[in-house]
Amino acid sequence: MSAKKDIRALTKDQLRNFFEENGDKAFRGNQVYEWLWSKSAYSFEAMTNISKETRQMLEANFVINHIEVDTMQRSSDGTVKNAVRLHDGLIVESVLIPTDSRTTACVSSQVGCSLDCNFCATARLKKMRNLNPDEIFDQVSAINQESLLYYNHKLSNIVFMGMGEPLMNYNNVLKAIDKITSEEGLGMSPKRITVSTSGIPKMIKKLADDDVKFGLAVSLHSAIDEVRSRIMPFSKAFPLEELKESLQYWYAKTNSRVTYEYVVWKGINDSQEAIKALVKFCKHVPCKVNLIEYNPIDDGEFQQANNTTINNYISNLEMNGIVVNVRRSRGKDIDAACGQLANKS
C-alpha cells in the first residue's frame, strides 16, 4: 500500500479536482482548504461542516502532517518557548516574544543548519532537512493561539530567526509566507514579517527580483571581512563587497531598508576600528542596526561585551544618523533566546 499524501501539499484547485473525480461537488475542496489553512485544522474529524462519509474518504486518502508542541515553557518575562515535534519525530524550536504593544513569533525554517557560525548553538547540529511550508505555517499558527490565550490578542509580528538559514530553504519559506499572508490563511500583513539571513548575496538578489513585500535582516556582526569570517567561517565565500552589492540591489528594487543584526563580543568586534567599519558599511544602503545581547552557549571565546562598548557603538552610530536599537535577551530563565543566537537546549 502506498503512503498517504499530505493533503496540505495540494493546491485548492487540486483539492477541487479530487472531489470532482470522486463524484462530489468541487466546492467541497474550498471547504477543506479553508479548514486546513484559515482554521488550522489538525484532523479531518474537526471539519464539522463536512459529512462523516466525506471525512472518512479524506482519512482513507490523505494525512495532515501537523506539528505538535512537545514541550512549552513560559519565562518570568512572559516569553514562551516551544519545542515543536514534527511528523517524523524531529524537533525544532519556536518562541513567542511579548512586549507591551505586540507579540512576535520567532520561527524555524530548517531542522539544524548547514552553516557554521561559531557563536551559534544550532550550527553545532547538522542540517537534517528543510521544513515544509505547512510546518513553518503551523509554528506561526500555534504561537498565534498562544498569543490569544496568554495576551488576548493576535500575533502581531513574525521573524524568521529560529533554527536554520531561511534563504537555503527559499521556496518553502516563500510558500509558507504566502499562506501566512493570504486571506485564505492567517491574513497577516507581509510588512509585519522579517526574514533574517546570514548573508547570501545571490539569494538576497533573488528576493528582490521576486518582489517580496516582507522585511530583510542580515546577521552581520562585523563589517571587517577577516573578523566576520572568524565569527562566521562560511562568509569567506561571500565577502562583504558582494554582500554590499546585493543589499544595494535589494534596496534599488524594493525601496525597503535593511536591518543589521549585530552582537558585540568582548575581544572580537569591540574595537574602535570595528565601530568605524560598521558605520561605513551602514552608509552603503538605508538601514537600521539592532545591537543584540548575547547568551553564551559555553565558556568559550564568545562572551558579551561590556556596556561601555555597547554605548560607544550607539553613540557612534547615532552621531552618523544611523538608527540603532538594543535588543535585550528574553526568556533567560527558560533558555529561550531567539534566532541564530539561541542557546542549545
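Residues numbered from 1 in each chain as written. Predicted model: local features only at pLDDT ≥ 70, side-chain atom pairs only at ≥ 80, totals over all residues. Heavy atoms only, no water.

1. Considerations on the pattern of salt bridges
Move 1: Enumeration according to the criterion identifies 13 salt bridges in this entry.
Move 2: Between Asp 138 and Arg 8 there is a salt bridge; the shortest N-O distance is 2.7 Å. On the criterion of sequence distance, the pair formed by Asp 138 in helix α4 (residues 133-151) and Arg 8 in the loop between β1 (5-6) and α1 (12-21) is long-range, its members being 130 residues apart. The two residues Asp 138 and Arg 8 agree in class, both being buried.
Move 3: Here Lys 206 and Asp 210 are joined by a salt bridge, their closest N and O atoms 3.5 Å apart.
Move 4: According to the relative accessible area criterion, Asp 210 is partly exposed, its value standing at 37%.
Move 5: Each of the salt bridges in this network shares a partner with another, and the network as a whole consists of Arg 8, Asp 134 and Asp 138. (Salt bridge = Lys/Arg side-chain N within 4 Å of Asp/Glu carboxyl O. Helix = DSSP H or I, 4+ residues; strand = E, 2+ residues; numbered from the N terminus. Buried < 20%, exposed > 50% of the residue type's maximum accessible area, 1.4 Å probe, protein only.)

2. Some points on helix α2 (residues 27-37)
Move 1: Among the 11 residues in α2, 8 count as buried, and that is most of the element.
Move 2: Residues of α2 that are buried: Arg 28, Gly 29, Gln 31, Val 32, Tyr 33, Trp 35, Leu 36 and Trp 37.
Move 3: Where α2 is buried, its residues contact α1, α3 (52-61), α4 and α5 (170-181). (Contact = heavy atoms within 4.5 Å.)

3. Description of the environment of Asp 134
Move 1: Within the element layout of this structure, Asp 134 appears in helix α4.
Move 2: Remark: the alpha-carbon pair of Asp 134 and Leu 36, spanning 98 residues in sequence, is separated by 9.6 Å.
Move 3: With residues up to four places along the chain from it excluded, the contact list for Asp 134 reads Asp 6, Arg 8, Trp 37 and Asn 65.
Move 4: Polar contacts involving the side chain of Asp 134 include one to the side chain of Arg 8, which spans 3.4 Å. (Polar contact = N/O pair within 3.5 Å; in protein donor to acceptor, adjacent residues only side chain to side chain.)

4. What about the environment of Met 188?
Move 1: With respect to the helices and strands, Met 188 occurs in the loop between α5 and β10 (193-197).
Move 2: Considering only alpha carbons, one finds Met 188 and Ser 156, 32 residues apart in sequence, at a separation of 8.0 Å.
Move 3: The residues contacting Met 188, other than those within four sequence positions of it, are Leu 155, Ser 156, Asn 157, Ile 158, Ile 180 and Thr 181.

5. Focus on unusual backbone geometry
Move 1: For Ser 40, which is not glycine, the phi torsion reads 50° and is therefore positive.
Move 2: Among the structural elements, Ser 40 can be located in the loop between α2 and α3.
Move 3: Of note, the phi angle at Asn 255 is positive, near 55°, even though the residue is not glycine.
Move 4: With respect to the helices and strands, Asn 255 occurs in the loop between α8 (240-254) and β12 (258-262).

6. As for the confidence of the model for the protein
Move 1: Per-chain confidence: the protein averages 90 in pLDDT, with 89% of residues scoring 70 or above.
Move 2: The model gives residues 339-345 a pLDDT under 50, and that stretch makes 30 contacts with residues more than four places away or in other chains. (pLDDT = per-residue confidence, 0-100.)

7. What about the sheet that holds strand β9 (residues 157-160)?
Move 1: Spatial ordering of the open sheet is given by β3-β4-β5-β6-β9-β10-β11-β12-β13-β14, a layout of 10 strands whose pairing is mixed. Both outer strands of the open sheet, β3 (68-74) and β14 (323-327), are each paired with one neighbouring strand and no more. Averaged over all adjacent pairs, the angle separating strand axes in this sheet is 20°, with direction ignored.
Move 2: In terms of strand pairing, strand β6 (residues 103-106) meets β9 through 3 bridges, oriented parallel. The residue bridging Ala 105 from the neighbouring strand is Ile 158, located in β9.
Move 3: Running over the sheet, α8 touches β11 (215-219) and β12 and is turned about 170° from β11. (Pairing = 2+ DSSP bridges. Axes fitted to C-alpha atoms, helices over the stretch in contact; angles between N-to-C directions.)

8. Quick word on the packing of aromatic side chains
Move 1: Within the structure shown, the criterion is met by 8 aromatic pairs.
Move 2: Aromatic side chains Tyr 33 and Trp 37 sit 6.4 Å apart centroid to centroid with 55° between the ring planes, which places their arrangement in the tilted category. Residue Tyr 33 and its partner Trp 37 are located together in helix α2, separated by 4 residues, close to a single helical turn.
Move 3: Assessed through its relative accessible area of 2%, Trp 37 is described here as buried.
Move 4: Considering the side-chain rings of Tyr 262 and Tyr 313, the 5.3 Å spacing of their centres and the 55° angle between planes classify their relative orientation as tilted. Note that Tyr 262 is positioned in strand β12 and Tyr 313 in helix α10 (residues 307-319), a separation of 51 residues in sequence. Here the two residues Tyr 262 and Tyr 313 agree in accessibility, since each one is buried.
Move 5: Taken together, Phe 18, Phe 19 and Phe 62 form an aromatic cluster joined through their ring pairs. (Phe/Tyr/Trp six-rings, centres within 6.5 Å; stacked < 30°, edge-to-face > 60°.)

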